[in-house]
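So you can see what is in the structure, the chains are spelled out below.
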Amino acid sequence: MGNRLSKIYTRTGDDGSTGLADGNRIAKNAQRVEAMGTADELNCHIGLLIETLDNDDPLVESLRRIQHHLFDLGGEFAIPGSKVIGDVHIEWLEQTLDHHNEGIPPLKNFILPGGTPAAAQCHLARAVCRRAERIVVALGHEDSINTASRHYLNRLSDLLFVIARVLARRDGGEEILWEQKKSGL
């Protein structure tokens, strides 16, 4: 990367536009910028989740890999027409999801976000991931995108759901089940 970021402010975005990695400028509220920003936000939430875990927690390695994928994904959105995320990334998510899903019982009820601070943070990351997916779907309606990116976000939200379940059940903890009767007044 060299010294590319020696000066953080440039004033070029003061007009409400931002520069893409290909040199083009677009409005800061464009769907492409929303996709880049939400991938970044999701990466931050996963970073926060990692910080709730012990350094030697086996989940840390997978979550760090996901952070690298998300950085690549943001870069893909910053260069229209580029393809960084592919089938190999999606297959890795599916294998990781299957591995973690083996140790938890099938769901018989909806669960509420929570159980432990780490599980709650993972649910928050999952919700942000779902928003990122919706934004990428919208971006795909107005511009050409790598469909593997949309598939990646879909699988990632599933994986984050399973990891949240794992985290809630650790060390004798429990998932919080939704009880329909409690939603009435």
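What you are looking at is a predicted structure, and each value in this text was computed from that prediction instead of being measured.

### Focus on the UniProt feature "domain: Cobalamin adenosyltransferase-like" (unreviewed entry) in the protein
Reasoning step 1: If you check UniProt for "domain: Cobalamin adenosyltransferase-like" (unreviewed entry), the listed places come out as residues 8-166 in our numbering.
Reasoning step 2: Split by type, residues 8-166 is 65% helix and 5% strand. Its first and last C-alpha atoms lie 40 Å apart.

### Concerning the nonpolar core
Reasoning step 1: The biggest cluster of nonpolar side chains holds 47 residues, and the ones touching the most others in it are L42, I46, L63, I66, L70, L156 and L167.
Reasoning step 2: Of all elements in the fold, only α1 (31-51), α2 (58-78), α3 (87-101), α4 (117-142) and α5 (147-169) reach the threshold of two or more residues within this core.
Reasoning step 3: Here this core gets twelve residues from one element, more than from any other, and that element is α5.
Reasoning step 4: For I46, the contacting residues outside a window of four places in its chain are L63, I66, Q67, L70, A125 and L160.

### As for the environment of D57
Reasoning step 1: With respect to the element layout, D57 can be found in the loop between α1 and α2.
Reasoning step 2: Looking at D57, its side chain comes within polar contact range of the main-chain nitrogen of L59, at 2.8 Å.

### Let's talk about the side chain of H45
Reasoning step 1: Tracing the backbone through its elements, the reader meets H45 in helix α1.
Reasoning step 2: With residues up to four places along the chain from it excluded, the contact list for H45 reads Q121, L124, A125 and V128.

### Topic: the packing of aromatic side chains
Reasoning step 1: Summed over the entire model, instances satisfying the criterion amount to one aromatic pair.
Reasoning step 2: Arranged with centres 5.9 Å apart and planes meeting at 70 degrees, the rings of F110 and W178 form a pair that is edge-to-face. Of the two residues, F110 is situated in the loop between α3 and β3 (111-112) and W178 in the segment after β4 (176-177); the sequence distance between them amounts to 68 residues.
Reasoning step 3: With a relative accessible area of 59%, F110 lands in the exposed category.

### Quick look at the state of the cysteines
Reasoning step 1: Within this structure, the stated rule accounts for zero disulfides.
Reasoning step 2: The cysteine C44 is free of any disulfide, with C129 supplying the nearest cysteine sulfur at 14 Å.
Reasoning step 3: Take C44: its relative accessible area is 49%, and that puts it in the partly exposed class.
Reasoning step 4: In this structure C129 is a free cysteine whose sulfur lies 10 Å from that of C122, the closest cysteine sulfur available.
Reasoning step 5: We classify C129 as buried; its relative accessible area is 0%.

Quick notes on the rules
- Residues numbered from 1 in each chain as written.
- Predicted model: local features only at pLDDT ≥ 70, side-chain atom pairs only at ≥ 80, totals over all residues.
- Heavy atoms only, no water.
- UniProt positions renumbered as here; feature names shortened; annotations may be inferred.
- Helix = DSSP H or I, 4+ residues; strand = E, 2+ residues; numbered from the N terminus.
- Core = buried A, V, L, I, M, F, W, Y, C linked by side-chain atoms within 4.5 Å.
- Buried < 20%, exposed > 50% of the residue type's maximum accessible area, 1.4 Å probe, protein only.
- Contact = heavy atoms within 4.5 Å.
- Polar contact = N/O pair within 3.5 Å; in protein donor to acceptor, adjacent residues only side chain to side chain.
- Phe/Tyr/Trp six-rings, centres within 6.5 Å; stacked < 30°, edge-to-face > 60°.
- Disulfide = S-S within 2.5 Å.

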